Amino acid sequence: MTDAILAQLDRLVPNIPLQVVSQGAEALVLSTQTHPYAQKSGTFIIKYRPPKPYRHPKIDAQITRSRTAGEAKFMAKLRRAGIRAPNLVSVDPNGGLIWMESVGEILPNGAVSSLKNLLWYLEQGSEAAGLLVQSQLELACRHTGAVIAKLHMNDMVHGDLTTSNMLLQEGEAYLIDFGLSSYSALAEDKAVDLYVLERAVLSTHSVHAEKYNGWLLAGYKDEQCGAYASVGGKKKYSETLKKLEDVRLRGRKRSMLG
Ligand SMILES: Nc1ncnc2c1ncn2[C@@H]1O[C@H](COP(=O)(O)OP(=O)(O)OP(=O)(O)O)[C@@H](O)[C@H]1O
């Protein structure tokens, strides 16, 4: 499967050395040291949505074009709003290609610095390193909560907030993967975003989930209600948290009913 997709990709970006980073249902993610049009050094990420053989070709082309353009536009808006996310380098909506800067780091255990991997990595050392690790864990969660708050304050929702979709770089959290992102001023949509993250933390870090979710929400609150926050920002925060309670309740009822 990947070989066939790589052959298609080679027609769009010929003769560029690429390494596969991940293959999801929707896209293949690759890394390269090559910038598409400038003599710039660094690592770049290519997200490629290949044609889907199970869809009618015309509909497939439309879907690919609109998802690719939508994700790229969202990324560009994030950067303009000062929200940490990869810099968009170039986009080819018809080809299903987004070229962006790479964010994140490689952890000492060789894993990429997603929040998920970082928490797992730090947890392993927590017995020995004690308080220092606790504060690193707390900071990573708080910074992640803060970047989500910035997103929501700009009436943008991520749509797929998992602990893999945030990468830590020099202690700061960057959001990635905006394939399901959208614009919304509704507290309900922001609450669902937070609830999805809460559930993701519970499934990947069940033992410490309550603590991590508490820190994530504390970072979220500080960003929206801190010293320089507007009255409007504080009001929006309260509305979102109230909705989060409702969403949790609905989730509990649904799981009780099976
Ligand atoms: N800008 C980036 N910098 C560094 N790594 C990245 C970047 N974008 C994506 N990645 C890596 O590629 C992986 C997949 O990226 P992304 O989530 O955008 O693709 P996806 O096809 O939507 O994945 P999935 O289907 O698993 O959600 C990420 O988990 C991350 O490890």
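- As named in an unreviewed UniProt entry, the protein is EKC/KEOPS complex subunit BUD32, taken from Australozyma saopauloensis.
- Turning to the protein, the UniProt annotation filed under Subunit (unreviewed entry) states: "Component of the EKC/KEOPS complex composed of at least BUD32, CGI121, GON7, KAE1 and PCC1; the whole complex dimerizes."
- Taken directly from UniProt, the Sequence similarities (unreviewed entry) text for the protein runs: "Belongs to the protein kinase superfamily. BUD32 family."

### Structural notes on the site of the ligand
- In the vicinity of the ligand lie 21 residues, with Gly 24, Ala 27, Val 29, Pro 86 and Asp 177 positioned nearest.
- Grouping the amino acids of the shell around the ligand by side-chain chemistry returns 11 nonpolar, 7 polar and 3 charged.

### A short note on the environment of Arg 250
- As for its placement among the helices and strands, Arg 250 is situated in helix 7 (residues 231-257).
- When the C-alpha atoms of Arg 250 and Met 156 are compared, they prove to be 23 Å apart, with 94 residues separating the residues in sequence.

### Thoughts on the packing of helix 5 (residues 187-204) against helix 7
- Where helix 5 meets helix 7, the closest approach of the two axes is 8 Å, and the angle between their N-to-C directions is 60°. When the axes of helix 5 and helix 7 are compared, the pair comes out oblique. Here the hand of the crossing between helix 5 and helix 7 comes out right-handed. Of the residues in helix 7, those in contact with Ala 187, Glu 188, Lys 190, Ala 191, Val 192, Leu 194 and Tyr 195 of helix 5 are Lys 236, Glu 239, Thr 240, Lys 243, Leu 244, Val 247, Arg 248 and Gly 251.
- Here the residues of the contact of helix 5 with helix 7 are counted per class, giving 7 nonpolar, 2 polar and 6 charged.

The rules behind these values
- Residues numbered from 1 in each chain as written.
- Predicted model: local features only at pLDDT ≥ 70, side-chain atom pairs only at ≥ 80, totals over all residues.
- UniProt positions renumbered as here; feature names shortened; annotations may be inferred.
- Near = placed C-beta within 6 Å.
- Nonpolar A, V, L, I, M, F, W, Y, C, P; charged D, E, K, R; others polar.
- Helix = DSSP H or I, 4+ residues; strand = E, 2+ residues; numbered from the N terminus.
- Axes fitted to C-alpha atoms, helices over the stretch in contact; angles between N-to-C directions.
- Parallel < 35°, antiparallel > 145°, perpendicular 65-115°, else oblique.
- Left-handed = near helix turned anticlockwise from the far one by under 90°.
- Contact = placed C-beta atoms within 7 Å.

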